[in-house]
Amino acid sequence: MYKKFIGIDLGGTSVKLAILTAEGDIQQKWSIPTNINDEGCHIVPDIIASIKHHLDLYQMSSGDFQGIGMGSPGAVNREEGTVEGAFNLNWKTAQPVREAIEREIGVPIYIDNDANVAALGEKWRGAGADDRDVVFVTLGTGVGGGIIAEGNLIHGTAGSGGEIGHMTVDPGGFECTCGKKGCLETVASATGVVKLARKHAEEYAGNSQLKFIIDDGQEITSKMIFDLAKQDDELAVLVVDKFAYYLGLACSHIGNLLNPAYIVIGGGVSAAGEYLLDQVRTYFADFSFPNVKKTTHIKLAALGNDAGIVGAAYLALTETGK
């Protein structure tokens, strides 16, 4: 009987959990709300209680499991098994996540940053086709990412390896929450594409429903912009072209530095699909070294919301197998 794994994907609104096989197949999956009250002190006890409840439910014990993996926002200290600076969880101080879960569940746990863990998921069972060289870029409210080079996650000297969202693509551009200007996140996230639309609407004089909506003071979303572009709204087409330019430029830098087999694009904004990716690929080809252009491929993510739990299981699989 091969031992199983528990994958945990900790988010600001919910915690996704799953029981997986060593091949990455999800056998059971559930979620619980993230209770961020009282400085997030209920989060880890809630996770422990939920795991215990489900093990009872499925008549399993800690002995059935080889390891637990977890992706968390914030700064993860992988040696200590602590997480701090996860502001969307109200965790201001370092939280002893590993110590608490190992003590209560009796299974070794391995923790990494949520974007890195999602990257592992796409690499293993998603669009990365289990290649040793995969970069994952997630386009959501911000832009995150994870780099797997020669089979290893890249963390860097202080854990900031793979901060793809903070590559400068437009010097002197929009201000970023990090304090810099012109980060990829300011133009290629869900909020970034709305900023681009507002900026270009001011200068645009033609006929456009998007311009009318913006000038009328109505709410606009990234989905609305992509949908209008697909209907050939001139301003929306211009905005999506700008978006694709910046993302294609960033992908070319990733490609020229690392030459991964795949750059995988995920997150909510990637729902625009091949319509968006075809334009990104055009700019990527313009800006990439010839051999990179031939050998690095841009693909849509395949796992959706399961990337975190699948990647967490893979993290535990690789760590316990060392």
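As the structure is a prediction and not an experimental result, all values here were calculated from the model. (Residues numbered from 1 in each chain as written. Predicted model: local features only at pLDDT ≥ 70, side-chain atom pairs only at ≥ 80, totals over all residues. Heavy atoms only, no water.)

Enquirer: Which parts of the structure should I look at to understand the pairing of strand β4 (residues 65-72)?
Expert: Each regular strand shows side chains that alternate between the opposite faces of the sheet. Within β4, seven of the eight residues are buried, leaving the element largely enclosed by the surrounding structure. For strand β1 (residues 4-10) and β4, the ladder comprises six bridges, and the chain directions are parallel. Bridge pairing in β4 links Phe5 to Gly67. Pairing of β4 with strand β7 (residues 109-113), which is carried by five bridges, proceeds in the parallel orientation. (Buried < 20%, exposed > 50% of the residue type's maximum accessible area, 1.4 Å probe, protein only. Helix = DSSP H or I, 4+ residues; strand = E, 2+ residues; numbered from the N terminus. Pairing = 2+ DSSP bridges.)

Enquirer: Where do I start with the domain arrangement of the protein chain in this structure?
Expert: Interface extent is often summarised as the accessible area lost during association of the parts. As far as domains go, the protein chain holds domain 1 (4-120 + 306-321) and domain 2 (129-301). The straight-line distance from the C-alpha centre of domain 1 to that of domain 2 is 29 Å. Contacts between the two partners involve eight residues from domain 1 and, on the opposite side, seven residues from domain 2. Both faces considered, domain 1 and domain 2 share a buried interface measuring about 710 Å² in area, 64% of it formed by carbon and sulfur atoms. Three residues, Ala115, Asn116 and Ala119, lead the burial of domain 1 against domain 2; their summed loss comes to 56% of the area buried on that side. At the surface where domain 1 touches domain 2, the tally comes to zero salt bridges. At the surface where domain 1 touches domain 2, the tally comes to two residue pairs in polar contact (both at pLDDT 80 or more). (Domains from an automatic or database assignment. Contact = heavy atoms within 4.5 Å. Buried area = accessible area lost by both parts, 1.4 Å probe. Salt bridge = Lys/Arg side-chain N within 4 Å of Asp/Glu carboxyl O. Polar contact = N/O pair within 3.5 Å; in protein donor to acceptor, adjacent residues only side chain to side chain.)

Enquirer: Would you mind going over the sheet that holds strand β2 (residues 14-20) with me for this structure?
Expert: Adjacent strands of a sheet pair through backbone hydrogen bonds, lying either parallel or antiparallel. Sheet architecture is open: five strands sit in the order β3-β2-β1-β4-β7, paired in mixed fashion. Single-partner strands in this sheet number two, and they are β3 (26-33) and β7. Across the sheet, the mean angle separating the axes of adjacent strands is 15 degrees when strand polarity is ignored. In this sheet, β3 lies alongside β2 in antiparallel orientation, the contact comprising seven bridges. Residue Lys16 lies in a different strand from β3, and its bridge partner there is Ser31. (Axes fitted to C-alpha atoms, helices over the stretch in contact; angles between N-to-C directions.)

Enquirer: It is not clear to me how the nonpolar core should be interpreted in this structure. Could you clarify?
Expert: A general feature of soluble globular proteins is that nonpolar side chains tend to end up buried together. Formed by 49 residues in total, the largest nonpolar core has its most connected members in Val137, Leu139, Leu184, Leu210, Ile225 and Phe243. Residue contributions to this core peak at twelve residues, all from helix α9 (residues 234-258). If we ignore the near neighbours within four places in the chain, the residues touching Phe243 are Leu139, Val187, Ala188, Ser189, Val193, Leu196, Phe226, Val269 and Leu276. Ile6, Leu10, Ile19 and Met70 belong to the second-largest nonpolar core, a separate cluster that totals 29 residues. (Core = buried A, V, L, I, M, F, W, Y, C linked by side-chain atoms within 4.5 Å.)

Enquirer: What is the right way to read helix α6 (residues 190-203) from this model?
Expert: What sets the pattern is the α-helix's 3.6 residues per turn: residues three or four places apart point alike. All of the buried residues along α6 are Gly192, Val193, Val194, Leu196, Ala197, His200 and Ala201. Packed against the buried residues of α6 are α5 (185-188), α7 (209-215), α8 (222-230) and α9.

Enquirer: Just checking my understanding: could you explain the pairing of strand β9 (residues 143-149) for this structure?
Expert: Counting buried positions along β9 yields seven of seven residues, so the element is predominantly enclosed. Burial along β9 is two-sided: Val143, Gly145, Ile147 and Ala149 facing one way and Gly144, Gly146 and Ile148 facing the other are all buried. What sits between the antiparallel neighbours strand β8 (residues 134-139) and β9 is a turn of three residues.

Enquirer: Is there a simple way to explain the pattern of salt bridges in this structure?
Expert: A side chain of one charge can pair with a side chain of the opposite charge if their charged atoms are brought near each other. Using the criterion set out here, one finds ten salt bridges in the structure. Put simply, Glu99 and Arg103 hold a salt bridge, and the shortest N to O gap is 2.6 Å. Of this pair, Glu99 and Arg103 are both found in helix α3 (residues 97-105), four residues apart, which corresponds to roughly one turn of the helix. Residues Asp227 and Lys223 are paired through a salt bridge, measuring 2.7 Å at the closest nitrogen-oxygen approach. Within this pair, Asp227 and its partner Lys223 are both found in helix α8, separated by four residues, close to a single helical turn.

Enquirer: It is not clear to me how the sheet that holds strand β10 (residues 152-153) should be interpreted in this structure. Could you clarify?
Expert: With mixed pairing, the five strands of this open sheet are ordered in space as β10-β9-β8-β11-β12. At either margin of the open sheet sits one strand with a lone partner, and together these are β10 and β12 (297-300). With four bridges connecting them, strand β11 (residues 262-266) and β12 associate as parallel partners. Counterpart to Ile265 in the pairing with β12 is Leu300. Seen against the sheet, α9 touches β8, β9, β11 and β12 and runs at an angle of roughly 155 degrees to β8. Against the sheet, helix α10 (residues 274-287) makes contact with β11 and β12, and its axis sits at roughly 165 degrees relative to β12, the strand it touches most.

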